[in-house]
Amino acid sequence: MRKMDRVEWEDVQGIVLSGYGELKRSAYLLWRFQSGNLPRKKEWLFDLTRRLTPSQPGPSSNTQPARNLALTASGLRHLGVDQSTLNSFSFEFLEGMAPARARGAPIPRRTNILGDLEDSSPEYWHWGGWNEETREIDGLLMLFAEETGINQLIQAEMTAMADIVDGEPIVLSGQLFPKEREHFGFEDGFSQPKIEGRPKKSKGANSKNGKSEIKPNAEVKAGEFLLGYENERKARVTNGHDRDIRRNGTYLVFRQLEQDVPAFNTFVCDVAKKIGETDKWVAARLLGRGMDGEPLIVEKPNGSEEDAKNNFLYYYEDRAGLRCPIGAHIRRANPRDSLGPDPETALHLSKMHRIIRRGRPYGERWEPNGANGHGDKAERGMLFIALNADIAGQFEMIQHSWINNPHFNGLYTGTDPISHFPDGEGITIQSRPSNLRVDRAKPFVTVRGGAYFFLPGLRALRDIAAPA
Ligand code: HEM
């Protein structure tokens, strides 16, 4: 048996292991550095690194605020990282989520891959898009606190960076609603890959997995989420030195995804009436789970509640998609054992395309008839965050080849009902004697901003902060 890597969790930023679920409020500071004044930037970074929350021991209490820092390629450059070191980062990170588009030039390849077209085009993004003024983003500071502590935390960090940022940072506010429900009303965030070698909370979480040879909740190699460790392809990203600034870091994908809740609800209600089912039945077929996270495939009892909710596969239980539609959000986003020559190989292949999700809703909850005073007009959505060691092979692959793909797993038409990509052809719910086809006028989600970041290890940040 191969030896498992020991992960240096004390050097890895806390958001890799934790969504800070006890800290219901969060803020995301996005900024552009002023040019010059490298010594002062390094001083700020050195001080900030001391405040950042590691994966281990993590915050000393569940209610203590947490801070994590991620930087774009231009942010690293501003902090003095030289071009040859930058070249060791992946191409998509260096190019960015929305590569600049010259007037009249074709849409860049990456924008097409992500399906950021029509209303979701970077042309209209509030930040990180093609607009010169809001384009460049250098850093992302993620702050997590209890209800009462968040404003103070934001103020303190804004003051600490005031003399090195260009203008005011953009501040996006996130929050966790009861039962971690996102705006469409579903419980969210509990199906996450388990990193091999993670500190275990309790023994034997996987020990009651039954006799099945294939374990749906099987662990994924640390190298899929942290640079420097072996991944599922038995490879590792390293320059062979201890002082590799990529070590213990990971790429962080950040997208502001606006959700049109009234449009989603109306769609669900109309479809339900048309086919004689309940709203809940229809909504569950779009996501692939019920509102409380219950799977549509029979689950098998297993350790924790979270494990039980994830203890299912598709191949033997529901190859035809009669329980969980083939095009449902969770089946596209993590096809488990359903795509491949055989289920075992398929499950192993799917481990190469997992992401850790740390997104949170922004904006007020939608209330029927604008009961909270804002109703339909207010902006709300998901501040989507994905962590992965290979943006092209993980986040982009999921978004492009599965979520946006009308021919996913043998389908004829339709894209992910929960995502932003326009399909024009409707959604298919597998049924007997014939499939149900429902038309969706336009997506319920629109991309409003985004960027690719790197979430460095703490030692790497101290190295970057060291005087030039
Ligand atoms: C506003 C947009 C989105 C909403 C409201 C949303 C909502 C949800 C919900 C409610 C779940 C089920 C709960 C869970 O498994 O934790 C889920 C699962 C998931 N989503 Fe999304 N999602 C959104 C966008 C995305 C995007 C853009 C991606 C990736 C490109 C993605 C990837 C995933 C993955 C990988 C899972 C877990 C599937 C599994 O392991 O079974 N989601 N999402």
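Residues numbered from 1 in each chain as written. Predicted model: local features only at pLDDT ≥ 70, side-chain atom pairs only at ≥ 80, totals over all residues. Heavy atoms only, no water.

## Things to note about the side chain of Asp116
Line of reasoning, step 1. With respect to the element layout, Asp116 can be found in the loop between helix H5 (109-114) and helix H6 (132-135).
Line of reasoning, step 2. For Asp116, a relative accessible area of 1% translates into the label buried.
Line of reasoning, step 3. A distance of 2.8 Å separates a polar atom in the side chain of Asp116 from a polar atom in the side chain of Arg255.
Line of reasoning, step 4. Excluding residues within four positions of it along the chain, Asp116 makes contact with Thr111, Ser121, Pro122, Trp125, Arg255, His420 and Val447. (Helix = DSSP H or I, 4+ residues; strand = E, 2+ residues; numbered from the N terminus. Buried < 20%, exposed > 50% of the residue type's maximum accessible area, 1.4 Å probe, protein only. Polar contact = N/O pair within 3.5 Å; in protein donor to acceptor, adjacent residues only side chain to side chain. Contact = heavy atoms within 4.5 Å.)

## Describing empty space enclosed by the protein
Line of reasoning, step 1. Within the structure shown, the criterion is met by 2 cavities of 30 Å³ or more.
Line of reasoning, step 2. Within this model, the largest cavity holds a volume of roughly 70 Å³.
Line of reasoning, step 3. In terms of lining, the largest cavity is formed by 14 residues, of which the most central are Gly327, Arg332, Thr415, Ile427 and Thr428.
Line of reasoning, step 4. Each residue belonging to the lining of the largest cavity can be placed in one class, and the counts come to 6 nonpolar, 6 polar and 2 charged.
Line of reasoning, step 5. For the second largest cavity, the calculated volume is near 50 Å³.
Line of reasoning, step 6. Tallied by class, residues from the lining of the second largest cavity come to 2 nonpolar, no polar and 7 charged. (1 Å grid on protein atoms, 1.4 Å probe; cavity = no way out; pocket = protein on both sides within 12 Å on 5 of 7 lines; lining within 4 Å. Points joined across faces, edges and corners; volume = space filled by probe spheres on them. Nonpolar A, V, L, I, M, F, W, Y, C, P; charged D, E, K, R; others polar.)

## Section: the layout of surface pockets
Line of reasoning, step 1. In this structure, the second largest pocket encloses a volume near 270 Å³.
Line of reasoning, step 2. Forming the walls of the second largest pocket are 18 residues, and the residues nearest its centre are Thr72, Glu95, Gly96, Arg135 and Glu136.
Line of reasoning, step 3. Residue composition of the lining of the second largest pocket, grouped by class: 9 nonpolar, 5 polar and 4 charged.

## Things to note about the coordination of the iron atom of the ligand
Line of reasoning, step 1. No other protein atom reaches the iron atom of the ligand as a donor apart from His329 (NE2), found 2.1 Å away.
Line of reasoning, step 2. Along the polypeptide, His329 turns up in helix H12 (residues 329-333). (Donors = N, O, S within 2.8 Å, 3.2 Å for Na, K, Ca; no water.)

## Side note on the site of the ligand
Line of reasoning, step 1. As a matter of local geometry, the ligand sits amid 26 residues, with Phe190, Ser191, His329, Arg336 and Arg357 nearest to it.
Line of reasoning, step 2. Taking Phe190, its main chain carries an N or O atom lying 2.8 Å from an oxygen atom of the ligand.
Line of reasoning, step 3. Elements with a minimum of two residues in the shell around the ligand: strand E5 (250-259), H12, strand E8 (381-388) and helix H14 (395-403).
Line of reasoning, step 4. Looking at the shell around the ligand residue by residue, the class counts come to 13 nonpolar, 6 polar and 7 charged.
Line of reasoning, step 5. Counting contributing residues per domain, the shell around the ligand is built from domain 1 (9-254 + 451-465) and domain 2 (260-353 + 402-445), each supplying no fewer than three. (Near = heavy atom within 4 Å. Domains from an automatic or database assignment.)

## Considerations on helix H7 (residues 150-161)
Line of reasoning, step 1. With 12 residues, H7 should reach 16 Å at 1.5 Å per residue; the first-to-last C-alpha distance of 17 Å fits that figure.
Line of reasoning, step 2. Each element contacted by the buried residues of H7 is listed here: strand E1 (25-31), helix H1 (38-51), strand E2 (66-71), strand E3 (139-145) and strand E4 (170-175). (Expected span 1.5 Å × (residues − 1).)

## Focus on the pairing of E5
Line of reasoning, step 1. Burial of E5 is extensive: 10 of the 10 residues sit out of reach of the surface.
Line of reasoning, step 2. What you see with E5 is no split at all: Thr250, Leu252, Phe254, Gln256 and Glu258 on one side and Tyr251, Val253, Arg255, Leu257 and Gln259 on the other are buried throughout.
Line of reasoning, step 3. Here 10 bridges tie E5 to strand E11 (residues 445-455), and the two strands are oriented antiparallel to one another. Counted as the bridge partner of Phe254 is Ala451 from E11.
Line of reasoning, step 4. The sheet contact formed by E5 and E8 spans 8 bridges and is antiparallel. Note on E8: the bridge partner recorded for Val253 is Ala386. (Pairing = 2+ DSSP bridges.)

## Details of the packing of H1 against helix H15 (residues 458-465)
Line of reasoning, step 1. With their axes 8 Å apart at the nearest point, H1 and H15 run at an angle of 155 degrees to one another. What the angle tells us is that H1 and H15 run roughly antiparallel. Crossing of H1 over H15 shows left-handed handedness. Touching Lys42, Leu45, Phe46 and Thr49 of H1 are Leu458, Leu461, Arg462, Ile464 and Ala465, all from H15. (Axes fitted to C-alpha atoms, helices over the stretch in contact; angles between N-to-C directions. Parallel < 35°, antiparallel > 145°, perpendicular 65-115°, else oblique. Left-handed = near helix turned anticlockwise from the far one by under 90°.)

## Remarks on the nonpolar core
Line of reasoning, step 1. Leu29, Trp31, Trp44, Leu69, Phe93 and Leu141 are the most contacted members of the largest nonpolar core, which has 84 residues in total.
Line of reasoning, step 2. Take this core: its biggest share by element is 6 residues, from helix H8 (residues 261-275).
Line of reasoning, step 3. Residues from two domains meet in this core; each of domain 1 (9-254 + 451-465) and domain 2 (260-353 + 402-445) gives at least three.
Line of reasoning, step 4. Residues contacting Trp31, with those up to four places away along its chain left out, are Trp44, Leu69, Ile137, Asp138, Gly139, Leu140, Leu141, Met161, Val165 and Pro169. (Core = buried A, V, L, I, M, F, W, Y, C linked by side-chain atoms within 4.5 Å.)

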